[in-house]
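Summary of the model geometry
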Amino acid sequence: MKEYDVIIVGGGASGLYLAASLGGRYKTAVIESGARVGRKLSATGGGQGNLSNADISAERYFGDRRVIASVLGDSPHAVLGMFDGLLTTDARGRMYPAGRQASALTDCLRKKAAMNADIMTDTRVTDIRRGFIIETSAGEMKAKRVALCTGGKAGKNFGTDGSSYALATCLGHTVTSLYPSLVQLKTEDRRIRTLRGVRVDCKVTAHCGGEMAAENAGEVIFGDGVVGGSAIYYISPFIAGKKNCELTLSFLPEFTEEQIARDVRRKMREGAERTELLALTLNNVLGRAIIRSVSGGAEEIARAVKNFTLKICGDAGFENAQVTRGGVPLSEVTDGLESRFVKGLHFAGEVLDVDGECGGYNLHWAWASARRVAESIAEDLR
């Protein structure tokens, strides 16, 4: 039976960062069920590697913010020192490697982890018994410390199908209700059937049960019965698990309702066909869909441009989500992210009931929580 000081279950962002952070001081193994480590990390930020945000604070996260603030620390961006190379920040505060390649982040962590740990791929952990006997598809292993970095339920194609939560529950932990987050939202509204593929910048406001849940300005992409894009991904965490939600899309944020109405009236005077009253002002397909939705004149058309409301009837599911809402409650772990029930069992990353807003916050949690676990393990094994 192979014996280790530390066994890390999961070779994703947090697992690789943890292995690299331990620095070869302990005999360590990373066990990954997939054919290679870091697959989901290589796809983050649209393949460009949105690894953090300039504005990191507990207020950007959903979960127990006292624990989250403790894990982030007073110098949250210090965790980025792990990555070799220059980083850039865009106008929205999103931080990327200057080369804009998420795969380069994976390569960096993979190399540093491999220097300090045995990397076992195509190996599934089927059970963990107290005393840390780990049953795997490659046989039994033993460890002094175990870190569950198994991810959540989002992105089944990356191997994160939620089945690994059972490793936590078999050791006495609970798992909160799980919801997709950073995900497209479904709508049954017939008006968007003609809009598939249309991209537009607008302001989006979400209301649930009559109360405002969130608002954001950015890109909206219309799909087949769904809306996506950066503005929707930002909104989706705020309405995850909620009912009776609707979105109001306000197009042409740089123009007032009166300016739009004035332009429509001018076109009317010049004899433009009704279907072309928003031509050149909005995407033609979108403009025609808005005009078809109303029967009145210029004022009503302008009002519809600024108040295009869609009733939300669900989301595109875990297979299309970037992040999972829910997981092992922070009340069940210490500030060092060690189990309150099983000494030597640690958690990092998405497996915990912590998720962040869109814009690099979730990957930053992977780095910060892995660093905290590394510090906790080092203190215990010292």
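Starting afresh in each chain, residues are numbered from 1 along the sequence in its written order. The predicted nature of this model means local features are confined to residues of pLDDT at least 70 and side-chain atom pairs, given and counted, to a pLDDT of 80 or more, with totals for whole chains, interfaces and linings taken over all residues. Note: side-chain values were computed over all heavy atoms of the structure, leaving out hydrogens and water.

1. Brief notes about the overall build of the chain
Here is the rule we go by: Helix and strand assignments follow DSSP, with helices taken as H or I runs no shorter than four residues and strands as E runs no shorter than two, numbered in order from the N terminus. Summary of the burial criterion: residues with accessible area below 20% of their type's maximum are buried, those above 50% are exposed, and those between are partly exposed, where the area comes from a 1.4 Å probe applied to protein chains only. Contacts are assigned to residue pairs that have any heavy atoms within 4.5 Å of one another.
Tallying secondary structure elements over the chain gives 9 helices and 20 strands in all. Its C-alpha atoms put the chain at 85 × 40 × 35 Å along the principal axes. In the chain, which comprises 382 residues, the share counted as buried stands at 53%. Considering only contacts within the chain whose residues lie at least 6 apart along the sequence, 70% involve residues at least 24 apart.

2. Thoughts on the packing of helix α6 (residues 257–269) against helix α8 (residues 298–306)
Threshold: Every angle, taken between N-to-C directions, lies between 0 and 180 degrees, and every axis is a line fitted to C-alpha atoms, over only the stretch in contact when it is a helix. Each angle gets one of four labels, with under 35 degrees taken as roughly parallel, over 145 as roughly antiparallel, 65 to 115 as roughly perpendicular, and the rest as oblique. What makes a crossing left-handed is the near helix being turned counterclockwise from the far one by less than a right angle; a clockwise turn instead makes it right-handed. For this classification, Asp, Glu, Lys and Arg are treated as charged, while Ala, Val, Leu, Ile, Met, Phe, Trp, Tyr, Cys and Pro are nonpolar and the rest, including Gly, are polar.
Their axes nearest at 8 Å, the elements α6 and α8 cross at an angle of 135 degrees. Accordingly, the angle class assigned to the pair α6 and α8 is oblique. Along this stretch, α6 crosses α8, giving a crossing that reads as right-handed. Within the contact between the two elements, α6 uses E257, I260, A261, V264, R265 and M268 and α8 uses A298, E299, I301, A302, R303, V305 and K306. Tallied by class, the residues present in the contact of α6 with α8 amount to 8 nonpolar, no polar and 5 charged.

3. Remarks on the pattern of salt bridges
Short version of the rule: Salt bridges are counted wherever a side-chain nitrogen of Lys or Arg sits within 4 Å of a carboxyl oxygen of Asp or Glu.
For the structure shown, the criterion picks out 24 salt bridges. Of the charged contacts, one joins R266 and D263 as a salt bridge, the two residues approaching to 2.9 Å between their closest N and O atoms. Separated by 3 residues within a single helix, R266 and D263 lie in helix α6, roughly one turn from each other. Since its relative accessible area comes to 34%, R266 is described here as partly exposed.

4. Quick look at helix α1 (residues 13–22)
Where burial is concerned, most of α1 is hidden: 10 out of the 10 residues are buried. For α1, the complete set of buried residues consists of A13, S14, G15, L16, Y17, L18, A19, A20, S21 and L22. Looking at the packing, one finds that the buried side of α1 touches β1 (2–9), β2 (28–31), α3 (102–116), β10 (139–148) and α9 (361–381). Trailing α1 by a residue or two, G23 shows a phi angle of about 65 degrees, which is positive.

5. A closer look at unusual backbone geometry
Notably, F132 is not glycine yet its phi reads approximately 55 degrees, a positive angle. Position of F132 among the secondary structure elements: in the loop between β8 (125–129) and β9 (133–136). Judged by relative accessible area, which is 4%, F132 ranks as buried. Phi is positive for L337, which is not a glycine, with a value near 60 degrees. For L337, the location among the structural elements is in the loop between β18 (323–325) and β19 (345–347).

6. Remarks on the sheet that holds strand β3 (residues 52–53)
Just so we agree on the cut-off: Two strands pair under a simple rule: DSSP has to find at least two bridges between them.
Spatially, β3-β6-β5 is the arrangement adopted by the 3 strands of the open sheet, whose pairing is antiparallel. What marks the edges here is a single partner per strand, and that holds for β3 and β5 (87–89). Bridge count between β5 and strand β6 (residues 94–97): 3 bridges; the pairing is antiparallel. Each residue of the ladder has a partner; that of T89, found in β6, is M95.

7. Topic: the packing of α1 against α3
Across the interface, α1 lies against α3 with an axial gap of 7 Å and an inter-helix angle of 50 degrees. Between α1 and α3, the interaxial angle falls into the category oblique. The crossing of α1 and α3 is left-handed. The segment α1 lies against α3, with A13, L16, Y17, A19 and A20 engaging L109, K112, A113 and N116.

8. Observations regarding the state of the cysteines
In plain terms, the rule: Throughout, a disulfide means two cysteine sulfur atoms within 2.5 Å of one another.
Tallying each qualifying case throughout the model produces 1 disulfide. One disulfide bridge connects C208 with C245, the sulfur atoms lying 2.2 Å from each other. Between C208 and C245 the disulfide shows an S-S torsion of about 105 degrees. By sign, it is right-handed. Taken together, the positions of C208 in strand β13 (residues 199–208) and C245 in strand β16 (residues 245–251) put the pair 37 residues apart, joining distant regions of the chain. Both residues of the pair, C208 and C245, belong to the buried class. With no disulfide of its own, C149 lies 16 Å from the sulfur of C170, the closest cysteine sulfur.

9. As for the packing of aromatic side chains
Here is the rule we go by: The pairing test for Phe, Tyr and Trp rings, Trp by its six-membered ring, is centres within 6.5 Å, and the orientation test on the planes gives stacked under 30 degrees, edge-to-face over 60, and tilted for anything in between.
Using the criterion set out here, one finds 8 aromatic pairs in the structure. Relative to Y361, the ring of Y61 lies with its centre 6.0 Å away and its plane at 85 degrees, an arrangement referred to as edge-to-face. A residue pair is termed long-range when its members are at least 10 positions apart, and Y61 in strand β4 (residues 61–62) and Y361 in helix α9 qualify at 300 residues. Looking at Y61, the relative accessible area reads 0%, which means it is buried. Take Y361: its relative accessible area is 3%, and that puts it in the buried class. With a centroid separation of 5.4 Å and 40 degrees between ring planes, the pair formed by Y234 and F238 is classed as tilted. In this pair, Y234 and F238 are both assigned in helix α5 (residues 230–239), 4 residues apart and thus about one turn of the helix distant.

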